[in-house]
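Residue strings, one per chain:
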Amino acid sequence: MKARFALLALQRQRPGTFALLMAATCLLMLLAAALALALRGAAHEMSGVTATRLLVQVVDANPTNRDATADEVMTRLDRIHGLGSAHRVPMEQAQALITPYMDGVPTSDLPLPALIELDRGDRAQIARALRDLPTVQVTAAGAELGPLVRLIDALRSVSLGIALVAVAATGLIAMLAARAALAREGATLNILHALGATDRQISYLVTGKIARDAGVGAALGLVAALFVILTIASRIAAIGAGMSPALGPTAWGILLALPLGLVGLAALAAQAALMLALRRAP
Amino acid sequence: MAGIVHFDNVGLRYGTGAETLAGLSFTLAPGSFHFLTGASGAGKTSLINLITLAQRPSRGIVSLFGEDTADLPRRRLPALRRRIGVVYQDFRLIPQLSVFDNVALPLRICGMPEREIGTRVEELLEWVGLAPRASAKPATLSGGEQQRVAIARAVITHPELIVADEPTGNVDPDMAARLLHLLEALNRQGTTVLIATHDVNLLRQMPGASIMRLAKGRIDDPTGAVRFPPRESIP
């Protein structure tokens, strides 16, 4: 049965409340998904840092002793097998990092520690190798960043939860729309049944309309979500300090594909609801 | 039980009330022509609903085309319904479709190609005198014209069984005769016809047709032996 003409009155109606609800759930889902994806990138990057990175500090007020100890540390680190690259942070770089907070006080006067960064290494092993150097401290980067990583993970879980709630709401809305359409078009659908139309033929008529309305709603939601995401990304980029937009090409691909998935889900949910309801007909 | 329609001790009850139809047993042989008469409320429409699978019986066996409908899985019902053409008393046309599309609907449901549909529908509309109104919507038609559209829709697929509920109730005697001739022609080609009617003239125009009279949910003459009853005996 080709639906090249409007067999049901609802097929000729413009997208209405259902499309607006779809737009709202799509917007909510995309924003939550974008946040989850961005946080996933940040958490991944940060957990990579915290899992393996070590920082060796030489805390000595005497610059000569401090530099001599730092040289000794570098020598000992060279002898340890399985260690990643060791990088001694130039003193100028350390001073530049704290300059903005010194309110004009020259940082060259401060007894800053010598800093040595290690990409990869066993903290206990390194601490053992340096234990006779009292001014040396070995810390894991994760020691400071751990709570932040856990907070990011929690926020990511919340975002994913919101996205899933939006997806579930879409399915329920589509089912309710399908049932409403069935009730509204009951007389016509009874005639189609009497003429020998199958449940599937009848349900496709309603599902087709719901899928089209869902498509309109999803498109509206996508446009609104893109506007919000791009606005926030530009604000983050404007902050600088290494806070570049965290959504890569894969994340953008996922975000653009999600509305299509949502339309598919709405159509499937509507189809399932219709088939169940039609099964109760004589 | 080699009938197109076979009822065996069939009863129909709505809710917990008394039976609307009770103990119906009859057979409609292939290629036969039957009238169904009875006073208003006698159960004619309920009986038609059982034959057209719009309702299931509360008890007894309803067989269509040799198959017990109680045992049929739901997915097989559409195929049975496509073998039955139904003319409803209230026409049941789809208001947003044109006359052409209403008549073409059963063919589209069966999946017939559009080019074949066009020829077939145009021929039939010509025959029932509605070709000039092919693009009109049902709401703009008179009762008689809507009746003719309903009849055209029922016979367009050349069904094996045609069930008509007061098919000539809204047409003039001339058109009633033409419609009856159409049904008669289809019957001569082997189609079984069952017409529920109060129209005595219609009964007189079909000598040889059997008459089933329904009274209080029961058939007075299940054998169909009552033929050409005198005018006053027909409710």
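All figures in this text were calculated on a predicted structure; none of them were measured in a lab.

### Notes on the sheet that holds strand E1 (residues 54–58) of chain A
All names here are of chain A.
And step 1. Taken in spatial order, the four strands of this open sheet run E2-E3-E1-E4, and their pairing is antiparallel. One side of each edge strand has no neighbouring strand; the edge strands of this open sheet are strand E2 (86–89) and strand E4 (136–140). Averaged over all neighbouring strand pairs, the angle between strand axes comes to 20°, with direction disregarded.
And step 2. Two elements, E1 and E4, share five bridges in a ladder whose sense is antiparallel. Its bridge partner lying in E4, Leu54 is registered against Ala140.
And step 3. Packing of helix H2 (residues 63–79) onto the sheet brings it into contact with E1, E2, strand E3 (114–118) and E4, and relative to E3 it is tilted by some 15°.

### Concerning the sheet that holds strand E5 (residues 67–68) of chain B
All names here are of chain B.
And step 1. The sheet built from four strands is open, its strands ordered E2-E1-E4-E5 with antiparallel pairing. At either end of the open sheet lies a strand with only one pairing partner, and these are strand E2 (19–28) and E5.
And step 2. Both strand E1 (residues 5–13) and strand E4 (residues 59–64) contribute to a ladder of five bridges, which runs antiparallel. Pairing of Phe7 across the sheet is with Val62, part of E4.
And step 3. Sheet contacts for helix H1 (residues 44–51): E1, E2 and E4; angle to E1, the most-contacted strand, approximately 125°.

### Digging into the domain arrangement of chain A
And step 1. What the domain assignment reports for chain A is domain 1 (9–47 + 155–278) and domain 2 (60–134).
And step 2. Distance from the C-alpha centre of domain 1 of chain A to the C-alpha centre of domain 2 of chain A: 53 Å.

### Considering the environment of Leu115(A)
All names here are of chain A.
And step 1. As for its position among the elements, Leu115 is in strand E3.
And step 2. Of the residues examined, Leu115 has 18 C-beta atoms within 10 Å and is grouped as partly exposed.
And step 3. As for Leu115 and Ala224, which are separated by 109 residues in sequence, their C-alpha atoms are 47 Å apart.
And step 4. Dropping the residues within four chain positions of it, Leu115 is found in contact with Leu55, Gln57, Val89 and Ala94.

### Topic: the interface of chain B and chain A
And step 1. Tallying the contact residues gives 19 residues for chain B and 17 residues for chain A.
And step 2. In terms of residue count, the dominant contributor to the side of chain B that touches chain A is helix H3 (residues 99–110) of chain B (five residues).
And step 3. Residue classes in the side of chain B that touches chain A are distributed as nine nonpolar, three polar and seven charged.

Here is what the cut-offs are and how they apply
- Each chain has its residues counted from 1, following the order in which its sequence is written.
- Throughout, the order in which chains and ligands are written sets their labels, letters from A for the former and numbers from 1 for the latter.
- pLDDT decides what is reported in this predicted model: residues at 70 or higher carry local features, side-chain atom pairs at 80 or more are listed and counted, and totals for whole chains, interfaces and linings draw on all residues regardless.
- Following DSSP output, two strands are said to pair if at least two bridges run between them.
- In this description a helix means any DSSP run of H or I spanning at least four residues, a strand means any run of E spanning at least two, and both kinds are numbered starting from the N terminus.
- Axis definition: a line fit to C-alpha positions, over the contact stretch in the case of helices; interaxial angles, taken between N-to-C directions, run 0 to 180 degrees.
- Any pair of residues counts as being in contact when their C-beta atoms, constructed from backbone geometry, are within 7 Å of one another.
- The domain limits used here are those given by an automatic or database domain assignment.
- Counting other C-beta atoms within 10 Å of its own, a residue is labelled buried from 20 upward, exposed at 12 or fewer, and partly exposed in the gap between, with every C-beta atom placed from the backbone.
- Here the term charged refers only to Asp, Glu, Lys and Arg, the term nonpolar to Ala, Val, Leu, Ile, Met, Phe, Trp, Tyr, Cys and Pro, and the term polar to all other amino acids, Gly among them.

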